[in-house]
Structures are given as C-alpha cells and as structure tokens.
Amino acid sequence: MDKKRRDFLKVAGISTLAGLGGTAVVDRLVSGTHPSVANASGGHGEEHAAPKEEHAVQEAPKTGKRYGMVIDVKKFQEDPALGERISRACIQAHNIPEFPEKKDEIKWIWMTGYENAFPEKSTLYKDETTEEHQVPVLCNHCDNPPCVRACPTKATFKNKDGIVIMDFHRCIGCRFCMAACPYGMRSFNWRNPRDFITEVNRDFPSRMRGVVEKCNFCAERIGVGQKPACVEACGDTGAMVFGDLNDPESEVRKLLKENYTIQRRPSLGTHPSVFYIV
Amino acid sequence: MFEKALKGNNYYWMWLAFLGFFVGIAVICYLRQYFYGLGLTGMSRDVSWGLYISQFTFLVGVAAGGVMLVLPYYIHNYKAFGKITILGEFLAISALLMCLMFIMADLGQPLRGLNVLLHPTPNSMLFWDMCVLWGYLLLNALCGWVILTAERKQVAPPKWIYFFVYISIPFAFSIHTVTAMLYCGLPGRHFWLSAIIAPRFLASAFAAGPALIVIMALILKRVANFDAGKQAIDKMVTIIIYAAIANMFFVGLEFFVGYYSNIPGHYHTLQYLFFGLEHHGHVYNNLVPFMWGFLILFVIGFFLICNPQTRRNNDLWLGIGCASIFLSFWLDKGIGFVLGGFVPTPLEEITEYYPTANELFITIGIWAAGFFILTILYKIAIGVEHEVEA
Amino acid sequence: MYDSSKIIPGLIIFVLFVTIPIWYNHGDAGAAPEIKLPQDAKACVRPTAEMRASHMQLLNQWRDEVLRDGDRGTIEVDGKHYKKSLMLTCMECHTSKKQFCDKCHDYASVKPYCWDCHLAPVE
Ligand code: SF4
Ligand code: SF4
Ligand code: SF4
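Now for a look at the structure at hand. Everything numeric here is computed off the predicted structure, so don't read it as measured data. (Residues numbered from 1 in each chain as written. Chains lettered and ligands numbered in written order. Predicted model: local features only at pLDDT ≥ 70, side-chain atom pairs only at ≥ 80, totals over all residues. Heavy atoms only, no water.)

The helix and strand tally for chain B stands at 14 helices and two strands. For 390 residues, the compact-globule estimate of 2.2 N^0.38 gives 21 Å, and the C-alpha radius of gyration of chain B, at 21 Å, lies within 12% of that figure. Principal-axis analysis of the C-alpha atoms gives chain B an extent of 70 × 50 × 40 Å. Sequence separation of at least 24 residues holds for 77% of the intrachain contacts in chain B that already meet a minimum separation of 6. Of the accessible surface of chain B, which amounts to about 15300 Å², a share of 72% is contributed by carbon and sulfur atoms. Taking the average place of the 20 positive charges on the side chains of chain B and the average place of its 19 negative ones, the gap between the two points comes to 11 Å. (Helix = DSSP H or I, 4+ residues; strand = E, 2+ residues; numbered from the N terminus. Rg over C-alpha atoms; globule rule 2.2 N^0.38 Å. Contact = heavy atoms within 4.5 Å. Areas by Shrake-Rupley, 256 points an atom, 1.4 Å probe, with all protein chains shown as cover. Lys, Arg positive; Asp, Glu negative; His and termini not counted. Charge placed at Lys NZ, Arg CZ, Asp CG, Glu CD.)

If you want it as structure tokens, here you go:
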C-alpha cells in the first residue's frame, strides 16, 4: 500500500470515530436533561409520535397532564395498619405474586424506614418520625426518568399523562432499567409468577417470567376515571392524594402549596412526581 | 479453509473434547434456566446483574485488547507484529462471541432479543453497545478472513480491506467506551458514576487482552511450532506494563476521591469491596478476598513481567506473569466492578450475591465455548502459516 | 470435486427429510377444527372473516392504543360499547378458551404467548 493511501485511510478512520459520537446522539442526550417545567413528555412516548418527540420537553403544551402524588407521612404514623392496607390493595389490584423466598421478591409499593427512603437526609439525634416510623415507597414516575432513558426497546416509556409505564409484551428482560432506577423501585420476574398470586383479579393480567415490573400509577384505573388502588385504600384519611400536578386547581397542587414537602433524592435531577409531607 | 481445523493430533482433539464437555454441561444448565427462569441464578431485585454481565463486561475488554496489535502494525507500520495481528483479530472474534452468549444467557426473554432492532432506541446505551459490538465482530471476521486468505494464496491483501482495518481501530475503542457508558451514566449508582470508568476500562483491557495473547503465543510456540518472535512478544509485554500501570493509577484515583472527599456514596462501595462494609452491626465482605486477590496477583504479575530475568529469559515465568495480570484484572473488572456497584442498594440496604451452581456451570461453559472457537480459529491461522512456510 | 453420485441422493434425502410432516400426514391437512361460538352474543367487533384472518393484528393494535397512547375509547357495535381488551371484551363472549382459541391454535400449531400473562376465563 502506498504512502498516500495510508494517509487517506488514517483520516477516514479518524472521521469515522468522530461520526460515531455524532451530533445526533448528543442532541438526543441533551434534550432529555433539561429541568423541564412540569410537563408530561420528554423521554420517549409512543413511537407514533416519534417526529414530535425530539423537542417535546420544551414544547409540550402546558395543558398536558402530569400525574403525581402527595403522601402524608404523619397519617401513616397515626394508623400503623395503613401501610399494610395500601400494599395489599396494590397486590390485589395487580396480581402481584408473593414468593416465599426473598430472592424472588416482587414489590410495587411497600413501607420502609425513613432513612432508607431518604438516605440523603441525615440526622444526629433522630426524632420520632425518623426513628420508628415507616414511609411508603413506590415508583416516583419521574419527569426525567433514567429507567426510560436506559431501556433499549421502549418497553418502559412515559405516557401522555406523565406516567412511567411498562409494556410487558416488549420487555426483553435485560434489567438495564433496574440498574438505572436510582430508587430501587423495579422488580424482575425471576420465575413464573402465576402460582404465587394469592387472590386473582380477573380484570388485570399477570406477568410472565423474565420481564420487569413496577407500580404503573394504576393507569388502567385512571384511564376509566377511578383512583389508584392504594389511594382508594386510604379511604378519607387523606394519607395519599393523587392528581394532576399541572392543574393549579388540583388537590395535589393545593397540598403542595400548603405544606412543606420533600421528594426522594432530588439531587439526581430525575424530578420525581411523588411528594412527601413529613 | 475450515478443513484445517479438521486435522490435528490427539492432543488437539482431546483439548476440544475437554472444552466440549463443559459446553455440553452448560447447554443442559442453560435449558434448565430457560424453562425455569433466571431465578435459578443468585441474582435478586437488589443485585440484578450477576456473573453473566460481569463476564460480558470483562470480555468486551479482551476483545478490544486485540487492537493493541492492529494499531502498531497498520498505523505505525511496526513489522514485528505482522505475524500475530491475526491472533489478536481472532481473539477478538471469540471474545465477542462469548459476550453475545453472555448477553443471551442474561436476558429474561431471549426470544425477544430482536426487539432491540425492531424498536431502536438511540437514547439507550445498550442499543449502541449492540451496534458497536456487532460492528466490531463483523469487521474482525472480515479483515481476519480476507487477510488470511490472501496470505494463503501468497498475494498482497486487496487494498479495500485496509479501509475496514482502519475502521476497526476506532471501533475497538468504542466497544469498550460504550460498555463503560452502560454503567457510568446511571444516576444514583455512585461507584459507577465516574468519568474515569471508560479510560479505566480501556487501560485494563489493553493489559488483559495482550496478556492473553502473549500466553497464547507462548503456548502455540510449544504445542503448534508457531513462533511469534521475541521482538513481538517483548513489545507486547511493554504495552501490558504501561496499560497495567494506567489501570492501577485510575483505581488509585478512585480511592483518593472516595476517601479524601469522604462522601459516603463515593467510598461505600470501595469499602465494601476491599475491607467489608458494616451495616446494622453486620459486616458484609464476601468480595474482599477477590479484591485482595486482584491486588496481590497484580503485584506478582507486575514483578514477573518487569524483571528482565523473568521477562526475557524464561518463557514459563513470563507466562505466569501474564496469567497473573490477566487473572488480576479479571477479578477487578469481571467480579468486583459489576457486583460491587449494587452495594449498597438505592434503599441503603445491603444484599450480597452468591452465584448458584447452575449459573457457574453456564458461565464456565460459555468460557469453554469461547476457547473452543478460539482453538479452531488459531488452528486455521497456524495451519495457513505452516502451509505458506512449507 | 463435483461428485454427483453423492450429491444428488443426498439432496433427495434432504428434501424428503424436510417434508416429513407432509408425508407423515399423507398430504392430508386433517379436518378443520369446529369451534364453539358464543350462544348469547350475535355480533362481534369486526366481521367474522376479518376476525379470523387478522384478530392478532387487531389485538396488537388495541394493545398499542390502550397502553402506549392511553386511548381507551370504546368500540360501538349495535349500540353496545366494547372496551379494547382481550380479557374484558373478547373473553366476555367467548367464554371458553379451550373451545375457542385453543381449537384453531392447536390445529395451526401456533402458540401465542397471550395466556402467559392474560387470564383465561375460569372453565
Ligand atoms: S422511580 Fe425509578 S422506575 Fe420509577 S420512573 Fe423513576 S427511575 Fe423509573
Ligand atoms: S428489562 Fe425490559 S423494561 Fe427494563 S430496560 Fe430491559 S427491556 Fe426495558
Ligand atoms: S398507584 Fe396503583 S400501581 Fe402504584 S402503588 Fe398505588 S396501587 Fe400500586
């Protein structure tokens, strides 16, 4: 091979390298990281909307919904049985299996220690809340969800109402989303869940082995005008309130206005849609 | 050219049968896993990636390591590597095939694997990883094959092939960079969330990959009458030394940042990996022996490949030195890096991971399958070499 | 090199081998299955022929509309509204999976994974 040709090919090789980290990717990545106004877009929605989605974060109409939740931790202290009630409600509504072994465990909503839920809030001498009581944790339906960014098949996506939801038909079980979720809110079907569903709800499917699952904000109930099962299980305690964060008149917005609330690990820029009154 | 793989002495066949035995066991174990689900492994919702993905990560590095022969030969015209670049290319092929097997073994729904292509998702690093891995595999297969065929016919390789050879160089870097990006772009996993991960991956890859090639060259010298040449081996050892130093330097930086900044998220995992992490009165330390093994093997291997006595005068010591470096970096990246990243969990709990027997056999079987393919490819390459010489 | 005395018989054996299913069944596809239609429902969301040919596409379409687009609009047939749902619409009329779905699927030897997740009506 003559010298000139060699030089040409060197250049060609280098420009390919440049092309690999190309601008398209950069654009893509950057567009996902804007701290957006509370809107229900970004990430990738359904692919029918693919052409629009590029700049969706900035351009989404303010009328778009973003569902969220406000959880009053004090109510859970007043009624220690409430935690069990809400997780049971979710288990029943969604045919969540209960395995004898912890290793196989699948959970959508559960009670955990204050310091587990909010590891960045340090205390020297714990007050009662942080010492003894537990807080419910569930998927935060992040406005800038890392799980959606990581999923290689769009099996996890954000729908038009701002709910981060899964298409179990499409999930290949790579578990990238589980590594990506900074809240540990995702579970995997390590084995066939069918035999471990105690009370079957015939209005909702189960899952098969080899797919990931998590809280879906009861998209199937909201879609027909009902409240999420866990919120309903709270009765009129007001321990959990669900609503549209983008609607200034909604009850959640009222609560956010009247109370000091915190989110889980806000420093990560995921913009969780679940707020806690502590 | 495949007929070259069909003629061999008894040792050749015994070696293949030995590997085939483990492949067979792995097939049975995989079928069990396929029908039961990944519950047959030691993974759980807290440690959701285990041996499969960690082996995958390490082997991507081995595949990328081959470029340390291709680059000096084709870009710097370093002639001594002429005879052994094919070893690097074929090593890359078998390492990549192992990677793909590990990915398939790890998928919960392997039959839906093609969804990654049916619903391409450019914001997922896994999508890009698949693109570059396949790209690098095809490039190596193409270049290796065309150049070997030309060599057999004793003609110069066609000119167009150099285009692909040059492209394969940035691809080699990209496969390991993108694999690092699988980890270092995830918020909330502090151990992985470090910009040094990609360079560190490359450094350990450029030590581990060539180390394996040196071992292979030393073995081939004894069993297949194939001499890579003293100069080539010596140069490779130099590359290994510098790459290994770079890797340890990067590891040291991680330690500094973790412990000097004293930010819990930044040192917890290092603490867990090297010293054991105390949590609610219990010390979790199941990876500590592996990480000290990493350090000790590094020191041993580094001494053996640096000391002129053991490096230049004795093939056995040199081989042991390279094997120590290879094993050391395997412990670092193929065990510690991936498994450590899951401790502590996002909910500040600690779950330790212990692989199951079924999982171990699948892992061993995939390694065996990789070496099976590697043996056959090397057999072909050396067969051609001998034919040309004859 | 071109050893036709081996290649041609080899080819014939290969062709015979891959067509085993045909020989095995004597070229007869077997009697078409008879499926049990619902007793009390008269209308379906689409004409029979269309359903027979492409119910799977329709189900996929419903899935994408409901799940991905959040479009839970109903389908009106003879003044009655139906949800876009396998479990809550199809199986409401076709109350037996065994007598309806499985009959054809077994015959055609297709194994859809619907029922790995979706719950078939109790029989
Ligand atoms: S909490 Fe986790 S699973 Fe839920 S949207 Fe956020 S990143 Fe995804
Ligand atoms: S496990 Fe499923 S949902 Fe999670 S990233 Fe992989 S394909 Fe997406
Ligand atoms: S919103 Fe629905 S899915 Fe989520 S935890 Fe509550 S009941 Fe479960």
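By a widely used convention, the size of an interface equals the accessible area lost when the partners come together. Taken together, the 18 residues of chain C in the interface contact 27 residues of chain A. Of the roughly 2000 Å² buried between chain C and chain A, counting both surfaces, carbon and sulfur atoms make up 55%. Taken together, chain C and chain A are joined by one salt bridge. The salt bridge involving Arg68(C) is made with Asp167(A); its shortest N-O contact spans 3.5 Å. Our count for the chain C to chain A interface comes out at 10 residue pairs in polar contact (both at pLDDT 80 or more). For the side of chain C that touches chain A, the secondary structure elements donating two or more residues are helix H3 (48-68), helix H4 (86-93) and helix H6 (114-117) of chain C. No other element matches H3(C), which puts four residues into the side of chain C that touches chain A. When its residues are assigned to classes, the side of chain C that touches chain A shows 10 nonpolar, two polar and six charged. (Buried area = accessible area lost by both parts, 1.4 Å probe. Salt bridge = Lys/Arg side-chain N within 4 Å of Asp/Glu carboxyl O. Polar contact = N/O pair within 3.5 Å; in protein donor to acceptor, adjacent residues only side chain to side chain. Nonpolar A, V, L, I, M, F, W, Y, C, P; charged D, E, K, R; others polar.)

A word on the layout of surface pockets. What the second largest pocket holds in volume is close to 850 Å³. Lining the second largest pocket are 39 residues, with Glu115(A), Pro119(A), Glu120(A), His268(B) and Glu348(B) positioned closest to its centre. At the level of secondary structure, the elements contributing two or more residues to the lining of the second largest pocket comprise helix H7 (114-117) and helix H8 (128-132) of chain A together with helix H10 (264-274) and strand S1 (277-279) of chain B. Here the lining of the second largest pocket takes five residues from H10(B), the largest share from any one element. (1 Å grid on protein atoms, 1.4 Å probe; cavity = no way out; pocket = protein on both sides within 12 Å on 5 of 7 lines; lining within 4 Å. Points joined across faces, edges and corners; volume = space filled by probe spheres on them.)

This structure, assessed with the given rule, holds nine cavities of 30 Å³ or more. Roughly 110 Å³ of internal volume is contained in the second largest cavity. Taken together, 16 residues make up the lining of the second largest cavity; nearest its centre are Gly184(A), Arg45(B), Asp46(B), Thr345(B) and Pro346(B). When its residues are assigned to classes, the lining of the second largest cavity shows six nonpolar, three polar and seven charged.

A separate point is the interface of chain A and chain B. Each side of the interface is counted separately: chain A has 64 residues, and chain B has 55 residues. The contact between chain A and chain B buries some 5100 Å² in all, and 58% of this surface belongs to carbon and sulfur atoms. In terms of surface lost to chain B, no three residues of chain A exceed Ile172(A), Phe176(A) and Trp190(A), which account for 13% of the buried area on that side. If you look at where chain A meets chain B, you find two salt bridges. Among the elements of the structure, helix H1 (3-20), helix H2 (23-31), strand S2 (109-113), H7, helix H9 (146-150), helix H10 (176-180) and strand S6 (187-188) of chain A are those that each provide at least two residues to the side of chain A that touches chain B. Class assignment of the residues belonging to the side of chain A that touches chain B gives a composition of 31 nonpolar, 12 polar and 21 charged.

What follows concerns the site of ligand 2. Around ligand 2 lies a shell of 13 residues, among which Cys151(A), Cys171(A), Cys174(A), Arg175(A) and Cys177(A) are the nearest. Class assignment for the residues of the shell around ligand 2 results in nine nonpolar, three polar and one charged. (Near = heavy atom within 4 Å.)

Let's shift gears to the site of ligand 1. In the vicinity of ligand 1 there are 13 residues, among which Cys139(A), Asn140(A), Cys142(A), Cys147(A) and Cys181(A) approach most closely. Taken together, the residues that form the shell around ligand 1 break down as nine nonpolar, two polar and two charged.

Most pronounced at Ser54(C), the bend in H3(C) amounts to some 80°. Where H3(C) is concerned, the buried positions are Met51(C), Leu58(C), Trp62(C), Asp64(C), Glu65(C), Val66(C), Leu67(C) and Arg68(C). Residues of H3(C) that are buried in the fold lie against strand S4 (156-158) and strand S5 (164-166) of chain A together with strand S1 (75-77) and H4 of chain C. Directly after H3(C), the chain includes Gly70(C), whose backbone phi takes a positive value near 60°. (Bend = angle between axes of the 7 residues up to and from the residue. Buried < 20%, exposed > 50% of the residue type's maximum accessible area, 1.4 Å probe, protein only.)

Oppositely charged side chains may form a pair once their charged atoms are brought near each other. Residues and elements named next belong to chain C. By the definition in use, this model includes 28 salt bridges over all chains. The closest approach of N and O atoms between Lys84 and Asp71, which form a salt bridge, is 3.4 Å. Pair noted here: Lys84 is in the loop between strand S2 (80-82) and H4 and Asp71 is in the loop between H3 and S1, with a separation of 13 residues, a long-range link. Using a relative accessible area of 12% as the deciding quantity, one classes Lys84 as buried. Asp71 sits in the partly exposed class, given a relative accessible area of 34%.

With that settled, consider the environment of Leu295(B). All names here are of chain B. Looking at the element boundaries, Leu295 is found in helix H11 (residues 288-306). We classify Leu295 as partly exposed; its relative accessible area is 24%. Linking Leu295 and Met248, residues 47 residues apart in sequence, is a C-alpha distance of 9.3 Å. Other than its neighbours up to four places away in sequence, Leu295 contacts Met248 and Phe274.

Let us now look at the packing of aromatic side chains. Within this structure, the stated rule accounts for 45 aromatic pairs over all chains. On the numbers, 5.2 Å between centres and 45° between planes, the contact of Tyr114(A) with Phe118(A) is tilted. We classify Tyr114(A) as buried; its relative accessible area is 9%. Centroid distance Phe58(B) to Trp367(B): 6.4 Å. Interplanar angle 40°. Geometry classified as tilted. Here Phe58(B) is found in helix H2 (residues 51-65), whereas its partner Trp367(B) is found in helix H14 (residues 357-389), with 309 residues between them in sequence. With relative accessibility at 2%, the residue Phe58(B) sits in the buried group. Taken together, the aromatic side chains of Phe176(A), Trp49(B), Tyr183(B), Phe191(B), Trp192(B), Phe201(B), Phe337(B) and Phe342(B) make up a single cluster linked through ring pairs. For Lys83(B), the ring lying beneath its charged end belongs to Phe226(B), and the centroid distance is 5.2 Å. (Phe/Tyr/Trp six-rings, centres within 6.5 Å; stacked < 30°, edge-to-face > 60°. Lys NZ or Arg CZ within 6 Å of the ring centre and 35° of its normal.)

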